[in-house]
Amino acid sequence: MKDSFKNCAEKYSRLLIYFTVIALFAGCTKGSSGDTPTTPTTPTTPTTPTVAVDTTVTSMQAKVQGHDVGVYCTYYGTGLPMAEYVTYVNYAFAELYVSNNVYQGFKLQGTESRFQNVVDLKKQNSSIKIFISFTNGIANSDNKIDGGFSATSATDANRKAFAHDCLTFIKKWGIDGIDIDWEFPGLGWSSAKYDLANDTNNYTLMMKTLRDTLGTKYMLTFAGYVTDKRAVTGGYRYIDIGGVMPYVDFVNMMTYDLDAAPNYHNALQSASSYWDCVRTVAAYKAAGAPVAKLHLGIPFYGRKAWSGTNAAVSYKSLSKSSAVWSSTASVPYIPDATTKAVTYSYDNAKSIFRKGKWMLSLGLPGMFCWEISQDDASYTLQKAMWNATMK
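Predicted model only: the values in this text are computed from it and were never measured.

Explanation requested: the pairing of strand 9 (residues 250–253) in the structure shown.
Moving residue by residue along a regular strand, the side chains alternate between the two faces of the sheet. Neither face of strand 9 is left uncovered, since the one carrying Phe250 and Asn252 and the one carrying Val251 and Met253 both have all their residues buried. Alignment of strand 6 (residues 219–224) against strand 9, held across four bridges, turns out to be parallel. Looking at the pairing, Gly224 lines up with Met253 of strand 9. One ladder, built from three bridges, connects strand 9 with strand 10 (residues 294–299); its direction is parallel. Paired with Asn252 across the strands is His295, a residue of strand 10. Once you follow strand 9 into helix 8 (residues 277–286) and on to strand 10, the crossover reads as right-handed.

Written out as structure tokens, the structure is:
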């Protein structure tokens, strides 16, 4: 991922491009596309906490039927979750092989032994659901950038071949489902090809084909952006939420990396940050998504910037001795030693409990994290997610 999250340039440093090149975020020229809402320009003023910054998990809740806690396990990490306190695990990633815009197949990123370790969590807890997550990026040395998901989703033959391979893989490994992490239709992050005119619609067609092929026995999910598809000159960007939701079991909403310091990247609600959890759920509801299919994303790291040394730091490595609680954003942050402004914003047990209480009050059934290797040795954040959800 970055520094300690090395390959999350795959998932997150692409957001630097989003801010500076694609010009969709705050401060960038929007042109006539109406691509992004008005972005506040004044950073949130940090607030002096009146309560403790963190909360201690002293006992664990019993599982509540229909409530979910998920984790991503990366191919380059070594961490695994506590099997008794998770309901689903996503292995990140598998990547597509495409030649001259024709889908050829896919392979795991990382080693089969790492993937087997994830699958073997079922031996400790047979109720865990295991997903293979697909990226639009390239990490394997024997692969090269070609058409990616844009090409794979573009023809009926490609879509059916991909879906067939997914079903074969599920049966071979004895896993439970497919998670699509195409970030995003209509965008060319990591030099991926894209088609503004057709990607968004083709994404929906691909998900329909996957559902038709997998049937109801196996699960289908996706990693979702924080808002609905957006019309731009020449077509659309992002995912048609209303079009896709009928085919999926749920969506992992990526409610992190929403801004950089001196704003919050993971705020529950923050008017001065580019985006937040409250606006994400509102966008999904407005697009017609059932709240029962929405899972909230929790970052297991702090972020202050999009590039540079220690732009993002894992929870386990973050120096939290000077942490301050923001009563406006409902998350902790590390203040600048001189200005006291927000540097790293992150999640801890207290903020996870706050988000969990809000989430459950709206009818959302679960949350997930990116990614488990960044938790501490005591599984502080995973335990907090479990207790916040199982109520």
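Here the narrative resumes.
Just to check I follow, could you spell out the packing of helix 5 (residues 156–173) against helix 6 (residues 199–214) for this structure?
As a packed pair, helix 5 and helix 6 sit with axes 9 Å apart at the nearest point and diverge in direction by 40 degrees. Between helix 5 and helix 6, the interaxial angle falls into the category oblique. Pair helix 5 / helix 6 crosses with right-handed handedness. Contacts between helix 5 and helix 6 pair Arg159, Lys160, Phe162, Ala163, His164, Cys166, Leu167 and Ile170 from the former with Asn202, Leu205, Met206, Thr209, Leu210, Thr213 and Leu214 from the latter. For the contact of helix 5 with helix 6, the class distribution of residues is nine nonpolar, four polar and two charged.

What's the story with the nonpolar core in this structure? I'm lost.
One recurring pattern in soluble globular proteins: nonpolar side chains tend to sit buried together. Formed by 108 residues in total, the largest nonpolar core has its most connected members in Ile132, Phe134, Phe162, Ile180 and Phe222. The element best represented in this core is strand 2 (residues 88–99), accounting for eight residues. Excluding anything up to four places from it in sequence, Phe162 contacts Leu96, Tyr103, Phe106, Phe134, Phe149, Thr152, Ile180, Met206 and Leu210.

Just checking my understanding: could you explain the pairing of strand 16 (residues 366–370) for this structure?
With respect to burial, strand 16 is a largely interior element, five of its five residues being buried. The side-chain alternation of strand 16 yields two buried faces, one formed by Gly366, Phe368 and Trp370 and the other by Met367 and Cys369. Both strand 10 and strand 16 contribute to a ladder of five bridges, which runs parallel. Paired with Pro299 across the strands is Trp370, a residue of strand 16.

What am I meant to see in the pattern of salt bridges here?
Pairing is possible between side chains that carry opposite charge, provided their charged atoms lie close to one another. Considering all chains together, one arrives at 10 salt bridges under this definition. For Lys123, the salt bridge goes to Asp120, with nearest N and O atoms at 3.6 Å. The class for Lys123 is exposed, based on a relative accessible area of 70%. Using a relative accessible area of 22% as the deciding quantity, one classes Asp120 as partly exposed. The closest approach of N and O atoms between Asp249 and Arg211, which form a salt bridge, is 2.8 Å. A residue pair is termed long-range when its members are at least 10 positions apart, and Asp249 in the loop between helix 7 (241–244) and strand 9 and Arg211 in helix 6 qualify at 38 residues.

The rules we used
- Residues numbered from 1 in each chain as written.
- Predicted model: local features only at pLDDT ≥ 70, side-chain atom pairs only at ≥ 80, totals over all residues.
- Heavy atoms only, no water.
- Buried < 20%, exposed > 50% of the residue type's maximum accessible area, 1.4 Å probe, protein only.
- Helix = DSSP H or I, 4+ residues; strand = E, 2+ residues; numbered from the N terminus.
- Pairing = 2+ DSSP bridges.
- Right-handed = clockwise from strand over helix to strand, strands pointing away.
- Axes fitted to C-alpha atoms, helices over the stretch in contact; angles between N-to-C directions.
- Parallel < 35°, antiparallel > 145°, perpendicular 65-115°, else oblique.
- Left-handed = near helix turned anticlockwise from the far one by under 90°.
- Contact = heavy atoms within 4.5 Å.
- Nonpolar A, V, L, I, M, F, W, Y, C, P; charged D, E, K, R; others polar.
- Core = buried A, V, L, I, M, F, W, Y, C linked by side-chain atoms within 4.5 Å.
- Salt bridge = Lys/Arg side-chain N within 4 Å of Asp/Glu carboxyl O.

Honestly, that's just the spatial picture; any functional story needs more than this.
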